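# Structure at a glance
Each chain, written out:
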Amino acid sequence: MGPKEDNVEAIAEDLAETVKPVPSTPETTAVTAASTSVDDSLKISYDLWEKVKQLWEEYFGEGKKSNLTLAIIIIITIPLLIATSTLVDFLNKLPVLPSVFELVGFGYSVWFVYRYLLLADTRKELVDGLNAWKNKVFG
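Quick caveat, the model's predicted, so the values are computed rather than measured.

Assignment of secondary structure puts Thr122 in helix 5 (residues 120–138). Reaching out from Thr122, the side chain makes a polar contact with the backbone oxygen of Leu119 at a distance of 2.8 Å. When neighbours within four sequence positions are excluded, Thr122 is seen to be in contact with Arg115, Tyr116 and Leu117.

Structure follows, in structure tokens:
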């Protein structure tokens, strides 16, 4: 053995002499209880993670592509709605555009009343179209 290895062994022996078992005191009991609490919380976290994985497989596992597609669409829709709202707020602060938006909305309302609500046969056409859409969506 070289001098470096002798030095390492001497340091290890000194550490072995200085490190002695700690007697059980209220402080060490508290530390042990805290570590047990951490172990319990890790077990709970692991159990929760397993439950999440199980639910994920149940709803989005193999052969459940429509559910996964729906979840992705919902997740993508939220930032899209936020961006659209921000854009509309910006456009509303421009001086001329709010008046133009009101004029377009008023024009569309007049057209809608003239096209669908003025005559009985066009009202029936609107109701039939809404019922067809409702049956298509809800089955």
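A word on the packing of aromatic side chains. Applying the stated criterion to the full structure yields four aromatic pairs. Pairing Phe112 with Tyr116 gives two aromatic rings, centres 5.2 Å apart and planes at 45 degrees, and the pair type is tilted. Of the two residues, Phe112 and Tyr116 are both situated in helix 4 (residues 97–117); the distance of four residues between them amounts to about one turn of the helix. The rings of Tyr108, Trp111, Phe112 and Tyr116 are connected pair by pair, giving a single aromatic cluster.

Turning next to the packing of helix 4 against helix 5. Relative to each other, helix 4 and helix 5 sit at 100 degrees, their axes nearing to 7 Å. As the angle between them shows, helix 4 and helix 5 are arranged roughly perpendicular. Side by side, helix 4 and helix 5 meet where Phe112, Arg115, Tyr116 and Leu117 of the first sit next to Thr122, Arg123, Glu125 and Leu126 of the second. Grouping the amino acids of the contact of helix 4 with helix 5 by side-chain chemistry returns four nonpolar, one polar and three charged.

So, on to helix 5. Helical geometry note: an α-helix holds 3.6 residues per turn, so side chains three or four residues apart project in the same direction. Taking 1.5 Å as the rise per residue, helix 5 with 19 residues should run 27 Å; its terminal C-alpha atoms sit 27 Å apart, in good agreement. Downstream of helix 5 by one or two residues, Gly139 has phi in the positive range, about 90 degrees.

One pass over the structure, following the stated rule, counts three salt bridges. Notably, a salt bridge pairs Glu50 with Lys53, separated by 3.6 Å at the nearest N-O pair. Of this pair, Glu50 and Lys53 both sit in helix 2 (residues 26–60), three residues apart, which is roughly one turn of the helix. For Glu50, a relative accessible area of 30% corresponds to the partly exposed category.

Attention shifts here to a nonpolar patch on the surface. Taken together, Val113, Tyr114, Leu117, Leu118 and Leu119 make up a surface patch of nonpolar side chains, about 510 Å² in accessible area. Following the sequence through the fold, Tyr114 ends up in helix 4. With a relative accessible area of 61%, Tyr114 lands in the exposed category.

Conventions adopted
Residues numbered from 1 in each chain as written. Predicted model: local features only at pLDDT ≥ 70, side-chain atom pairs only at ≥ 80, totals over all residues. Heavy atoms only, no water. Helix = DSSP H or I, 4+ residues; strand = E, 2+ residues; numbered from the N terminus. Polar contact = N/O pair within 3.5 Å; in protein donor to acceptor, adjacent residues only side chain to side chain. Contact = heavy atoms within 4.5 Å. Phe/Tyr/Trp six-rings, centres within 6.5 Å; stacked < 30°, edge-to-face > 60°. Axes fitted to C-alpha atoms, helices over the stretch in contact; angles between N-to-C directions. Parallel < 35°, antiparallel > 145°, perpendicular 65-115°, else oblique. Nonpolar A, V, L, I, M, F, W, Y, C, P; charged D, E, K, R; others polar. Expected span 1.5 Å × (residues − 1). Salt bridge = Lys/Arg side-chain N within 4 Å of Asp/Glu carboxyl O. Buried < 20%, exposed > 50% of the residue type's maximum accessible area, 1.4 Å probe, protein only. Patch = residues over 30% accessible without salt bridge, like charges linked within 9 Å, V, L, I, M, F, W, Y side chains within 5 Å. Areas by Shrake-Rupley, 256 points an atom, 1.4 Å probe, with all protein chains shown as cover.

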